[in-house]
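# Descriptive analysis of the structure
For reference, the chains in residue letters:
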Amino acid sequence: MPFLKNTWYVFDYADDITPERFGHRTIIDQPVLVYRKPDGMLAALRDICPHRFVPLHMGRQIGDVIQCGYHGLRFGPDGACVGMPIAGMPIPKAARVVAYPVVERHSLVWLWMGDPALADAGLIPDFSFLSDPARGNVRGHTHVDADYQLAIDNLSDLTHVQFLHAGYQASEAFERLRFKVDQVGDTVYARLTFPNGRPPYAFQKAVADIEAPIDLCFETRWNLPSCVRLRITAHPAGAHSAGAHSAGDGDNRLFESMSAHILTPETDRSAHYFFVNSRDYAVGDPEIDARVRAWQRQGFDVEDKPMLEAQQRRIGGHDVMTLGPVLLPTDAGAIRARRILAARMTAEGLPAAAADHGA
Amino acid sequence: MPFLKNTWYVFDYADDITPERFGHRTIIDQPVLVYRKPDGMLAALRDICPHRFVPLHMGRQIGDVIQCGYHGLRFGPDGACVGMPIAGMPIPKAARVVAYPVVERHSLVWLWMGDPALADAGLIPDFSFLSDPARGNVRGHTHVDADYQLAIDNLSDLTHVQFLHAGYQASEAFERLRFKVDQVGDTVYARLTFPNGRPPYAFQKAVADIEAPIDLCFETRWNLPSCVRLRITAHPAGAHSAGAHSAGDGDNRLFESMSAHILTPETDRSAHYFFVNSRDYAVGDPEIDARVRAWQRQGFDVEDKPMLEAQQRRIGGHDVMTLGPVLLPTDAGAIRARRILAARMTAEGLPAAAADHGA
Amino acid sequence: MPFLKNTWYVFDYADDITPERFGHRTIIDQPVLVYRKPDGMLAALRDICPHRFVPLHMGRQIGDVIQCGYHGLRFGPDGACVGMPIAGMPIPKAARVVAYPVVERHSLVWLWMGDPALADAGLIPDFSFLSDPARGNVRGHTHVDADYQLAIDNLSDLTHVQFLHAGYQASEAFERLRFKVDQVGDTVYARLTFPNGRPPYAFQKAVADIEAPIDLCFETRWNLPSCVRLRITAHPAGAHSAGAHSAGDGDNRLFESMSAHILTPETDRSAHYFFVNSRDYAVGDPEIDARVRAWQRQGFDVEDKPMLEAQQRRIGGHDVMTLGPVLLPTDAGAIRARRILAARMTAEGLPAAAADHGA
């Protein structure tokens, strides 16, 4: 399956890459090694030695260079071979590995897998809350054996929370649910409002302690390739106008949580899932950290991951949209996101999965 | 690989499906969920939600309906969608899953995967001994990574018992073995008679306690798709005319055992194996039950299953009959059964595996 | 992938095949069973019963014959069926399995998978040191999920020892390394000389106890299909003329080790690896045996095997030479060996992997 090339993919959390510990991971079918030079800057190389095709990550970092663990060829941050096994042996011109543009931003490592001339860091979506020192962030990572586009669908329709994540997040206001999807350029917003209900368990007990009826709002912001920011807010029941935008809703807010849900395709049937919960209260409280972590484990490892993987097994090698799914109004966000992705792939000359039926 | 559609496949033991516990299993490449309604009747649905293609078995049963675990769509026993995630959301016409004819008979659940108009419960072979309250039944289930047709071959030629199941069942009368195959319509009978020998271990010690020389007879009855009833009888040596049919052999019989050996294809390389041993003596004796269970475990899990799986690995993706097997007179039963299956598949317009060489 | 047929493949260590314990293994995609008759001679049969295609190794040896474990057919050392399940049942002419020429030599079992008329035991390369009772041999076996030709490359360029096996064998004389490749008929010799350096750890501590600076020499002799003899010698620094052939270097030698490194392809992506270290000092000393064993485990299981398997995963289904590897002067031995193999495969009418770029 082809993947969009000219976009920023999250490779890892930035502080997991140190001069003492490089990272390696397959991204859109390409093995990549990312390391941090002694000067603190990152470098990203294709994780294959051009001599015998072994992974460079089986070698070691020596200052600014990576030395292959098989025959000792050394490569610099720009991918050029700078050292041969035997002193005096000339370096063949072809001894070079691909180097990828790599940027550290919002506490994440972002890789550009396409044309380096187009690698504009300004295209990275805003996840600045992740590097705000005034916030408390709890993060995790899982690996999902499913097409990352199934996770786009998942994150674009949070009505699934009521069923799949019922234990933590089911709302008694679900019957009065209102939902709304907006697209601004290539950004898709989807908002669910649960008016006047008792707080779900997660906000009563697990990660907040609200008791009285609330208006609860989930708002996702989706950006290519699969980078979702989720903002959850709670207001006293009736105090929050459902029509109001989330900006400027702070006056009588009881609770706000921001989170990042970022999927990076590994292969056409597997993906890396990075998730971070970010809060502006109880920062540094290890008890709340632990509760958030338990919630994440339940939500991502126990609930979402098995569902996505079972879905992938049922779909098999098919393009899901060609199987004739019954689409619902609540799929509008996912359809928008898949259309944007398909259009961008077409623009790159790649065959794209169908975004929806006919329309 | 195509499978015969218009036939009854065993899905499970009937009392394993209760209103508190539905079953799900892949049958001829189709995932199926079977549940028991509060009124006691069974329903069978394709185990895929038509919205996002996740397995319905990851959801739950609510009275007469199954609710998808992802977004909450509800389906009734006829496959129609009867509930949507959000109150007031209209039900799309296409929101429907396939419902299969399902019948409970002889303590088994039988599924019809073909044209529902042809689903005649009268075609289910007689296994009434399985639901006879006067008998003691010990049952089991295993999963075999092999084409179910290899199990047809296995069960149609019980000379393998002498070698593969030697510990329990090898007979010192094997050298004097007589065998006979008959076909009546689409039913195949195969009979082995071991005249005048000491009882095999199974009948001396394990599940019966016969000491004196016996005439031992194994008679299988095969029906489509792979439903075998095995009747084992022992008579005092010389008392049993080898020519006599099993009916009416009860006068001086020392021992009779009936058993069911039913294979249901899962995929073209895997099958569900249901087996039940049924006796009319020591009914309810837990000591004999335990011995029968030990015998079943040895025979099916330790002996048959590894042999069939090793055979499948050797055969790989080939149609076994095209590999030029050396066929023996004792393969006559298997050839008859495979011919019947091939004829029925041809009648359904399906390509069938070769039943034998040239003939 | 096709394999060279007319060559001798090592099946196992000879004394692992006894009348009480036959061996079975897949060699160039063919399952083979080797057994030792009561008279001490070996026999080799295709490990598939021609009746139902189950592995013969699931049966048992009875004197000179192998009896199938499914229905009891018996086969003699020439592959002919010599016994049927039922007394008096005629033996079909086609009931026969392939028998392979098999030879016991140099403590190894050698199989000929091609035209039996060409099976000349004189073609077996000389590994007579393996059966020299005056020597101490420590042997092992591992299984590698990689094309055996990757192991040809590995063994033909021992500069990898400096990086992959650094802990035991890195030499401080590596910077002064000299290497030389010679071809004599279809035999390829490759020699590495490390002049005037402190002995690597292996020769200081692990398997010898040399302290003073040495001239160290590694000389491999490669024969088809992938049979390598490695001779390691150490002389006092300066005492060993780098130009001299290894023959006749014994006068002032400090140390000599001989070893066998033999790869037998199982499939196109997996191989059996037999390795034996042979020494002429401390013969029978269990402490040195244990140290050699630890060295072998580290070198083969911990270092070579994961590297070859990672290399195979990176290469996937491609012919490595078509991927455009950057070749170095030190690859000369591997290129020679691959050329010889390719020429021999072409002579057998088989498509061969490319041996190198263009040349």
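Chain A is annotated in an unreviewed UniProt entry as Aromatic ring-hydroxylating dioxygenase subunit alpha of Tistrella arctica.

With that settled, the discussion passes to helix 6 (residues 332-347) of chain C. Residues and elements named next belong to chain C. Helix length check: helix 6 (16 residues) gives 23 Å between terminal C-alpha atoms against 22 Å at 1.5 Å per residue, within 8%. Within the sequence span of helix 6, burial applies to Gly-333, Ala-334, Ile-335, Ala-337, Arg-338, Ile-340, Leu-341, Ala-342 and Met-345. Summarising the contacts, the buried residues of helix 6 are in contact with helix 1 (148-156), strand 12 (178-184), strand 13 (187-197) and strand 14 (214-223). In the segment just after helix 6, Gly-349 is the residue with positive phi, at about 80 degrees.

Bringing the sheet that holds strand 6 (residues 65-67) of chain C into the picture now. All names here are of chain C. Spatially, 5-6-7-8 is the arrangement adopted by the 4 strands of the open sheet, whose pairing is antiparallel. Edge strands, defined here as strands with exactly one partner in the open sheet, are strand 5 (60-62) and strand 8 (81-83). When strand 7 (residues 74-75) meets strand 8, the two strands line up antiparallel, connected through 2 bridges. Residue Phe-75 lies in a different strand from strand 8, and its bridge partner there is Cys-81.

Before going further, it helps to spend a moment on the relation of the copies chain A and chain C. Two chain copies here: they are related by a rotation about an axis and a translation along the same axis. The two copies are related by a screw motion: chain A maps onto chain C through a turn of 120 degrees and a shift of 0.0 Å along the axis, at an RMSD of 0.1 Å. Both copies of the chain, as the preceding transformation shows, are related through a three-fold rotation axis. Identified as the residue of chain A closest to the rotation axis by C-alpha distance is Gly317(A), at 11 Å.

A few words on the interface of chain B and chain A. Every contact between the two is made by 25 residues of chain B and, on the other side, 31 residues of chain A. On the chain B side of the interface with chain A, the three residues burying the most area are Arg52(B), Phe53(B) and Tyr70(B), jointly 35% of the side's total. Counting the contacts that link chain B with chain A gives 3 salt bridges. Residues Asp331(A) and Arg52(B) are paired through a salt bridge, measuring 3.1 Å at the closest nitrogen-oxygen approach. The tally of links between chain B and chain A comes to 7 residue pairs in polar contact (both at pLDDT 80 or more). Looking at the side of chain B that touches chain A residue by residue, the class counts come to 17 nonpolar, 6 polar and 2 charged.

Attention now goes to the UniProt feature "domain: Rieske" (unreviewed entry) in chain A. UniProt feature "domain: Rieske" (unreviewed entry): in the numbering of this structure it lies at residues 8-111 of chain A. Between the first and last C-alpha atoms of residues 8-111 of chain A the distance is 5 Å; the span itself is 0% helix and 40% strand.

Counting 93 residues, the largest nonpolar core has Val32(B), Val34(B), Leu111(B) and Phe218(B) as its most contacted members. Sort the elements by how many residues they give to this core and helix 5 (residues 286-315) of chain B lands first, with 7 residues. Ignoring anything within four residues of it in the chain, the contact list for Val32(B) reads Phe11(B), Gly23(B), His24(B), Arg25(B), Ile27(B), Ala44(B), Leu45(B), Asp47(B), Tyr100(B), Leu111(B) and Met113(B). If you look at the next biggest cluster of nonpolar residues, it comprises 92 residues, including Leu45(A), Tyr70(A), Phe3(C) and Tyr9(C).

A separate point is helix 1 (residues 148-156) of chain B. Most of helix 1 of chain B is tucked away, with 9 of its 9 residues classed as buried. What helix 1 of chain B keeps buried is the set Tyr148(B), Gln149(B), Leu150(B), Ala151(B), Ile152(B), Asp153(B), Asn154(B), Leu155(B) and Ser156(B).

It is worth spelling out the packing of aromatic side chains at this point. Overall, the coordinates contain 48 aromatic pairs over all chains when judged by the stated rule. Ring geometry for Tyr168(C) versus Tyr201(C): centroids 5.6 Å apart, planes at 70 degrees, classification edge-to-face. Of this pair, Tyr168(C) sits in helix 3 (residues 166-169) while Tyr201(C) sits in helix 4 (residues 201-206), and the two are 33 residues apart along the sequence. We classify Tyr201(C) as partly exposed; its relative accessible area is 44%. Ring centres 6.2 Å apart and planes at 90 degrees place the aromatic pair Phe203(C) and Trp295(C) in the edge-to-face group. Of this pair, Phe203(C) sits in helix 4 while Trp295(C) sits in helix 5 (residues 286-315); the two residues are 92 residues apart in sequence, bridging distant segments of the chain. Here Phe203(C) falls in the buried class, since its relative accessible area comes to 0%. The class of Trp295(C) is buried, set by a relative accessible area of 12%. Members of the aromatic cluster, each reached through a chain of ring pairs, are Tyr168(A), Tyr201(A), Phe203(A), Phe255(A), Tyr281(A) and Trp295(A). Positioned over the ring face of Tyr281(A) is Arg279(A), at 5.9 Å from the centre of the ring.

Residue and element names in this part refer to chain A. The domain architecture assigned to chain A consists of domain 1 (8-123) and domain 2 (128-347). Using only C-alpha atoms to locate each centre, domain 1 and domain 2 end up separated by 33 Å. With 17 residues of domain 1 at the contact, the number on the domain 2 side is 17 residues. Across the interface of domain 1 and domain 2, roughly 1400 Å² is buried in total on both sides, 60% from carbon and sulfur atoms. Along the contact surface separating domain 1 from domain 2 lie 2 salt bridges. Between Arg-139 and Asp-16 there is a salt bridge, with its nearest N and O atoms 3.2 Å apart. The interface formed by domain 1 and domain 2 includes 9 residue pairs in polar contact (both at pLDDT 80 or more). Counting residues per element, the side of domain 1 that touches domain 2 draws most heavily on strand 1 (residues 8-13), which supplies 6 residues. Class assignment of the residues belonging to the side of domain 1 that touches domain 2 gives a composition of 9 nonpolar, 3 polar and 5 charged.

Scoring rules and cut-offs
- Residues numbered from 1 in each chain as written.
- Chains lettered and ligands numbered in written order.
- Predicted model: local features only at pLDDT ≥ 70, side-chain atom pairs only at ≥ 80, totals over all residues.
- Heavy atoms only, no water.
- Helix = DSSP H or I, 4+ residues; strand = E, 2+ residues; numbered from the N terminus.
- Expected span 1.5 Å × (residues − 1).
- Buried < 20%, exposed > 50% of the residue type's maximum accessible area, 1.4 Å probe, protein only.
- Contact = heavy atoms within 4.5 Å.
- Pairing = 2+ DSSP bridges.
- Least-squares fit on C-alpha atoms with pLDDT ≥ 70 in both.
- Buried area = accessible area lost by both parts, 1.4 Å probe.
- Salt bridge = Lys/Arg side-chain N within 4 Å of Asp/Glu carboxyl O.
- Polar contact = N/O pair within 3.5 Å; in protein donor to acceptor, adjacent residues only side chain to side chain.
- Nonpolar A, V, L, I, M, F, W, Y, C, P; charged D, E, K, R; others polar.
- UniProt positions renumbered as here; feature names shortened; annotations may be inferred.
- Core = buried A, V, L, I, M, F, W, Y, C linked by side-chain atoms within 4.5 Å.
- Phe/Tyr/Trp six-rings, centres within 6.5 Å; stacked < 30°, edge-to-face > 60°.
- Lys NZ or Arg CZ within 6 Å of the ring centre and 35° of its normal.
- Domains from an automatic or database assignment.

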